[in-house]
Amino acid sequence: MITLNVAILGASGYTGSELVRLLSRHPRVAIKALTADRKAGQAMADVFPQFVHLDLPRLTTIAEVDLAEIDLVFCALPHGTTQNVIAELFAKKPDIKVVDLSADFRLADPAAYEQWYGHPHQALELQGEAVFGVSELNRAAIKTARLVANPGCHSTTSILPLVPLLRERLIEPDAISIVSATGMSGAGRAAKEEMLFSEVSEGVHAYGVGKHRHTAELDQEFDKVAGRVSRATFTPLLIPMNRGIYATITVRLTGGATAEALHAALATAYWGEPFVTVLPLGKAPQSRHVRGSNNVQIGVVADREPDKAIVLSTLDNLVKGASGQAVQNMNLVAGFDEIEGLEQLAVFP
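All of the points below concern the structure found in this document.

Criteria and thresholds
- Residues numbered from 1 in each chain as written.
- Predicted model: local features only at pLDDT ≥ 70, side-chain atom pairs only at ≥ 80, totals over all residues.
- Heavy atoms only, no water.
- Phe/Tyr/Trp six-rings, centres within 6.5 Å; stacked < 30°, edge-to-face > 60°.
- Helix = DSSP H or I, 4+ residues; strand = E, 2+ residues; numbered from the N terminus.
- Lys NZ or Arg CZ within 6 Å of the ring centre and 35° of its normal.
- Pairing = 2+ DSSP bridges.
- Salt bridge = Lys/Arg side-chain N within 4 Å of Asp/Glu carboxyl O.
- Axes fitted to C-alpha atoms, helices over the stretch in contact; angles between N-to-C directions.
- Parallel < 35°, antiparallel > 145°, perpendicular 65-115°, else oblique.
- Left-handed = near helix turned anticlockwise from the far one by under 90°.
- Contact = heavy atoms within 4.5 Å.
- Buried < 20%, exposed > 50% of the residue type's maximum accessible area, 1.4 Å probe, protein only.
- Arc of directions from axis to C-beta.
- Polar contact = N/O pair within 3.5 Å; in protein donor to acceptor, adjacent residues only side chain to side chain.

### Quick notes on the packing of aromatic side chains
Argument step 1. In this structure the tally under the stated criterion is two aromatic pairs.
Argument step 2. Between Tyr113 and Tyr117, the ring centres sit 4.9 Å apart and the planes meet at 15 degrees, which makes this aromatic pair stacked. With Tyr113 and Tyr117 both in helix α4 (residues 110–117), this residue pair falls four residues apart, about one helical turn.
Argument step 3. Across the ring face of Phe90, the terminal group of Arg146 is positioned such that the distance to the ring centre comes to 3.8 Å.

Here it is in structure tokens:
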């Protein structure tokens, strides 16, 4: 059996620890290196005690990783820092594979990247090479990619239900409204005053209103499939739960389209997909039913206005929204069965 030797850069964050959780059960993966910044030198179990029973490498700096024994690198580093790191990886070992969980390579257009992130891209030749990693939609390109740009959690939640509808010309590209609620782990593990329990519990609030960076990913993917400019309205909400994203999407139907047609198109698009379930027409998904899994549930409900419909989508932001999709993409790159290491069922209650 072929074994893939992997390194996780940024293993001390939530997405890094989630990669360890998933990959430690993968039958064809060996974790050879784990890196951190401030926590370099510590055991992974000192940072995340749930791993105390596992024989894992100690946390090191990126400079200490021996690339000679690494086949694939997961980058779970902060946005803006990954460009130079990945460029250096390829300079040292051109045939290494990389799955990047940051936002650094998600946008193919350098001008769009500079507009949304406020500075020029530092690795333009790699930006054009990267494949946007929504596994179900870009499977063929991912299989041959050297660099996979894992999409954002909000982006995945909305792109999966909307791209098939735009492709079939069932909805108006410039009349999409997305309200996407996410759990606390989406904000990362760094200590922040606004993330204290007393600051966020017993309430809901919007953030990044009208300017959230995941909007750029939605524009990119929707424009591509619609064949013209599409400007979805995207409003993210922070809700007091640890995991999960729940998108409520209102769409305007094209002439003659119905909620039944939307449901049929999604059911056809995702028939046989191991991780995407389209619920019966009129049934709304629940985030608790995908928690801890790589699964996505999508629902379609007719609106009281005949020219509108409501599409609902939910996933676990740390799994299918980040580390689980990264492992799914790794499986595609390595030629493994796509579901390997991702068979976990949702944790409920």
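### Considering the sheet that holds strand β3 (residues 59–60)
Argument step 1. Here seven strands make up an open sheet; going across it, the order is β3-β2-β1-β4-β5-β7-β6 and the pairing parallel. Since the sheet does not close on itself, it has two edges, and those belong to β3 and β6 (131–132), each with one partner.
Argument step 2. Pairing analysis gives three bridges linking strand β5 (residues 97–100) to strand β7 (residues 147–149), with the strands arranged parallel. Bridging from a neighbouring strand, Asp100 pairs with Ala149 of β7.

### A closer look at the pattern of salt bridges
Argument step 1. Applying the stated criterion across every chain yields a total of 13 salt bridges.
Argument step 2. In this structure, Glu273 and Arg139 form a salt bridge, with 2.8 Å as the shortest nitrogen-oxygen distance. Of the two residues, Glu273 sits in the loop between α10 (259–269) and β12 (276–278) while Arg139 sits in helix α6 (residues 139–143), which places them 134 residues apart along the sequence.
Argument step 3. One continuous salt-bridge network, built from bridges that share partners, spans Glu18, Arg21, Arg243 and Asp316.

### Remarks on the packing of helix α7 (residues 153–167) against helix α9 (residues 214–226)
Argument step 1. The interhelical angle for the contact between α7 and α9, taken along N-to-C directions, is 15 degrees, at an axis separation of 10 Å. Taken together, α7 and α9 sit at an angle that is classed as roughly parallel. The hand of the α7/α9 crossing is right-handed. From α7, Cys153, His154, Ser155, Ser158, Ile159, Leu162, Val163, Leu166 and Arg167 reach across to α9, where they touch His214, Glu217, Leu218, Glu221, Phe222 and Val225.

### Topic: the sheet that holds strand β11 (residues 245–253)
Argument step 1. With respect to topology, seven strands assemble into an open sheet ordered β9-β10-β8-β11-β14-β13-β12, the strand pairing being mixed. The two strands at the open ends of the sheet, each matched to only one other strand, are β9 (205–206) and β12.
Argument step 2. Pairing of β9 with strand β10 (residues 233–238), which is carried by two bridges, proceeds in the antiparallel orientation. Within the sheet, the bridge partner assigned to Ala206 lies in β10 and is Leu237.
Argument step 3. Along the sheet face, α9 touches β8 (171–182) and β10 and points at about 150 degrees away from the line of β8.
Argument step 4. Against the sheet, α10 makes contact with β8, β11, β12, β13 (296–302) and β14 (308–315), and its axis sits at roughly 160 degrees relative to β13, the strand it touches most.

### Quick word on α4
Argument step 1. Taken as a whole, α4 has its buried residues at Tyr113, Trp116 and Tyr117. Buried residues along α4 cover an arc of 80 degrees about the axis, so they all sit on one side. Looking at α4, the residues exposed on the side facing more than 90 degrees away from the buried face are Ala111 and Gln115.
Argument step 2. Against the buried residues of α4 lie α3 (82–92), α5 (124–127) and α9.
Argument step 3. Residue Asp109 occupies the N-cap position of α4, its side-chain oxygen lying 3.0 Å from the main-chain nitrogen of Ala111.

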